[in-house]
Amino acid sequence: MSYLPGISPARSWRRLTWGDILLLAAALALLVLLFFRAREISGESWEWSSLRPYLWYRDEEGFHWGMLIAGLFMTIRLGLWSLALALISGTLIGMLNAHVRGLAALPMRLYINLLRNTPPLVLLFLVFFFAGSFFSEPLLHIEALVQELPSGPQTLIHTLLAPPGQMDRMFAAVLTLGLYEGAYVAEIVRAGIESVPHSQWEAAASQGFSPWQQQRYIIAPQALRVILPPLVGQTISIFKETTLASIISLPELTFQSLEVMAVTRITYELWFITALLYLGLSLFWSRLGAWLEHRQKWRPVE
């Protein structure tokens, strides 16, 4: 029997066809060709070891992370705060927008359409240069309060929130990415809730569940199975779009890579390493999403 995508059981490597093998060989050949072509264009031998101090190094004081790994940590921090804001705002708007039509849905639709149809870079400039002026004074006050704390709490706050002097840039980037991605999350949540048949709502109401209990125990578990796959993709998108923060000089991974390139004049090796760091971060979320999807699958009662 021929293999039918989405219907036939998943194939292991022992069941690969000649078409699979040829496709894999072509992909590997293309990667090798691109690798050697890039080396030929560069016109010089690649020196991967020159970038090691920008990943990690040792000195008299011990082991230290380099600029690239520090930028990766900043990317993770920015991505997590943006993801938290996107999940909170998107879930709230999506729940309010589910099964709502007409004028009642107008505020949510305006929010979603306005943010989804505006380039995120333009939104970042609007927040940083215009809306940021409203928050600059409070953020400066917070920075001053943090500087008065003992070194331990001060280091913890800078680790969790933003490096010294970067509070305004961090706030602008988190607000932009969180609200922008929240508009996509809102549509994902709305579609997931509306995918649950109306009979499930009626069955929950007939059991005497309150509206909150209906959402919590009946609707949400079923909607989550629909929401989870696109939500994982949106999470990966959030971490990739943190590169926009380099425009406002927030020292995340892309900004640090540009700084290293300016100092070392190394290009190909540097951006290969940067791409691998982003790839590793995306693969982590992909595998986590696959694990969560597996846990949410229907299982027969034994």
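Keep in mind the model is a prediction, meaning the values are calculated, not measured.

> Is there a simple way to think about the overall build of the protein chain in this case?
A count of helical and extended segments in the protein chain gives 10 helices and two strands. From first element to last, N terminus to C terminus, the protein chain shows the α and β order α-β-β-α-α-α-α-α-α-α-α-α. Taking all 302 residues of the protein chain together, the buried fraction comes to 34%. Contacts in the protein chain between residues far apart in sequence, at least 24 positions, make up 73% of those at least 6 positions apart.

> Teacher, can you tell me more about the pattern of salt bridges here?
It is possible for side chains of opposite charge to pair when their charged atoms get near one another. Inspection of the entire model under this criterion finds four salt bridges. The salt bridge involving Asp 168 is made with Arg 169; its shortest N-O contact spans 3.9 Å. The exposure class of Asp 168 is partly exposed, given its relative accessible area of 32%. With relative accessibility at 23%, the residue Arg 169 sits in the partly exposed group. A salt bridge links Glu 194 to Arg 190, with the shortest nitrogen-to-oxygen separation between them at 2.8 Å. Here Glu 194 pairs with Arg 190, and both are found in helix α6 (residues 167-194), just four residues apart, close to one helical turn. Taking relative accessible area as the criterion, Arg 190 reaches 18% and is therefore assigned buried. Several salt bridges share partner residues, and in doing so they unite Arg 109, Glu 187, Arg 190 and Glu 194 into one network.

> Before we go on, may I ask you to explain the side chain of Thr 274 in this structure?
Position of Thr 274 among the secondary structure elements: in helix α10 (residues 268-295). Residue class for Thr 274 comes out buried when judged on its relative accessible area of 3%.

> How should the packing of aromatic side chains be read in this particular structure?
The geometry of an aromatic ring pair is captured by the separation of the ring centres together with the interplanar angle, meaning the angle of the planes. Within this structure, the stated rule accounts for seven aromatic pairs. On the numbers, 5.2 Å between centres and 80° between planes, the contact of Phe 63 with Trp 65 is edge-to-face. Classification of Phe 63 by relative accessible area gives partly exposed; the value is 40%. Measuring from ring centre to ring centre gives 5.0 Å for Phe 128 and Phe 129, while their planes differ by 75°; the resulting arrangement is edge-to-face. Among the aromatic residues, those joined into a cluster by ring pairs are Phe 63, Trp 65 and Phe 73. Its end group placed over the ring of Tyr 184, Arg 116 keeps NZ or CZ at 5.8 Å from the ring centre.

> Got a minute to help me understand the pairing of strand β2 (residues 62-65) in this structure?
Residues in a regular strand project their side chains so that they alternate between the two faces of the sheet. Pairing analysis gives four bridges linking strand β1 (residues 56-59) to β2, with the strands arranged antiparallel. Each bridged residue has a counterpart across the sheet, and for Arg 58 the counterpart in β2 is Phe 63.

> Would you take a moment to explain unusual backbone geometry for this structure?
Peptide bonds are, in most cases, trans, and in most cases residues other than glycine have a negative phi. Despite not being glycine, Ser 249 shows a phi value in the positive range, around 65°. One can find Ser 249 in the loop between α8 (211-240) and α9 (253-264). Since its relative accessible area comes to 33%, Ser 249 is described here as partly exposed. Despite not being glycine, Arg 265 has its phi angle at roughly 65°, a positive value. Within the secondary structure layout, Arg 265 lies in the loop between α9 and α10.

Thresholds, definitions, all that
- Residues numbered from 1 in each chain as written.
- Predicted model: local features only at pLDDT ≥ 70, side-chain atom pairs only at ≥ 80, totals over all residues.
- Heavy atoms only, no water.
- Helix = DSSP H or I, 4+ residues; strand = E, 2+ residues; numbered from the N terminus.
- Buried < 20%, exposed > 50% of the residue type's maximum accessible area, 1.4 Å probe, protein only.
- Contact = heavy atoms within 4.5 Å.
- Salt bridge = Lys/Arg side-chain N within 4 Å of Asp/Glu carboxyl O.
- Phe/Tyr/Trp six-rings, centres within 6.5 Å; stacked < 30°, edge-to-face > 60°.
- Lys NZ or Arg CZ within 6 Å of the ring centre and 35° of its normal.
- Pairing = 2+ DSSP bridges.

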